[in-house]
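Below are the chains, spelled out letter by letter.
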Amino acid sequence: ALLGCPSVEEAVLRCARALSQFDVESREAALRGVDVGEEGVQSLQHTKAVLMRAVNHLAQRCRQNEAAVGEADALREELEKAREAQSRLAHHNEMLKHHLRLELDR
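All chains use their own residue numbering, which begins from 1 and follows the written sequence. Per-residue local features of the predicted model are confined to residues with pLDDT of at least 70, and side-chain atom pairs are confined, for both listing and counting, to 80 or more; whole-chain, interface and lining totals are unaffected and use all residues. Values reported for side chains reflect all heavy atoms of the structure, with hydrogen atoms and water molecules removed beforehand.

A. Examining the overall build of the protein more closely. Here a helix means four or more residues in a row that DSSP labels H or I, a strand means two or more in a row labelled E, and each is numbered from the N terminus. Helix and strand counts for the protein stand at two helices and zero strands. Dimensions of the protein, computed from C-alpha atoms along their principal axes, come out at roughly 105 × 20 × 10 Å. Only protein chains enter the calculation, and the probe is 1.4 Å; a residue is then buried if its accessible area is under 20% of its type maximum, exposed if over 50%, and partly exposed in between. When burial is assessed residue by residue, the protein has 11% of its 106 residues classed as buried. Surface accessibility in these figures is a Shrake-Rupley result with a 1.4 Å probe; residues are shielded only by whichever protein chains are displayed. Per element, the accessible surface of the protein, about 8,800 Å² overall, is 58% carbon and sulfur. Averaged over its 15 positive side-chain charges, the protein has a centre that lies 4 Å from the centre of its 18 negative ones. For this count, His and the chain ends are skipped, Lys and Arg are scored as positive, and Asp and Glu as negative. Note on charges: their place is set at NZ of Lys, CZ of Arg, CG of Asp or CD of Glu.

B. Looking closely at the environment of Glu94. Structurally, Glu94 can be placed in helix α2 (residues 37-104). Linking Glu94 and Leu31, residues 63 residues apart in sequence, is a C-alpha distance of 85 Å.

C. Local environment of the nonpolar core. Definition used in this section: a nonpolar core is a set of buried Ala, Val, Leu, Ile, Met, Phe, Trp, Tyr and Cys residues joined via side-chain atoms within 4.5 Å. Val8, Val12, Cys15, Val55 and Ala59 together form the largest nonpolar core, which totals five residues. Elements supplying a minimum of two residues to this core: α1 (8-31) and α2. No other element matches the three residues that α1 contributes to this core. We call two residues contacting when some pair of their heavy atoms lies within 4.5 Å. Those residues within four positions of Val8 in sequence are excluded, and the remaining contacts are Ala59, Cys62, Arg63 and Glu66.

D. A look at the environment of Gln86. The residue Gln86 is located in helix α2 in this model. Along the primary structure Gln86 and Arg17 are separated by 69 residues, whereas in three dimensions their C-alpha atoms are 53 Å apart.

See below:
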């Protein structure tokens, strides 16, 4: 169900819908007379709560990882710009040295 989700938010929504449906189905089963018992219902509700916390925790980690990737991309771009500037400065420095030699050799 989560395979191919376009975003973390969509994955969270899909998980929430699946867990809500699971909750509804478990309640319906209890109402139909399936002998789940009060402890079974409480256990299922606890399981649902644990799963929702896990999904939210994983979604938060995914958002943090996506932000870190974005930051890394920005830093990579800045590094590339700095390298280009360094290369230009080195070229200009060589040109100035060349001009200085020409002037001193006169």
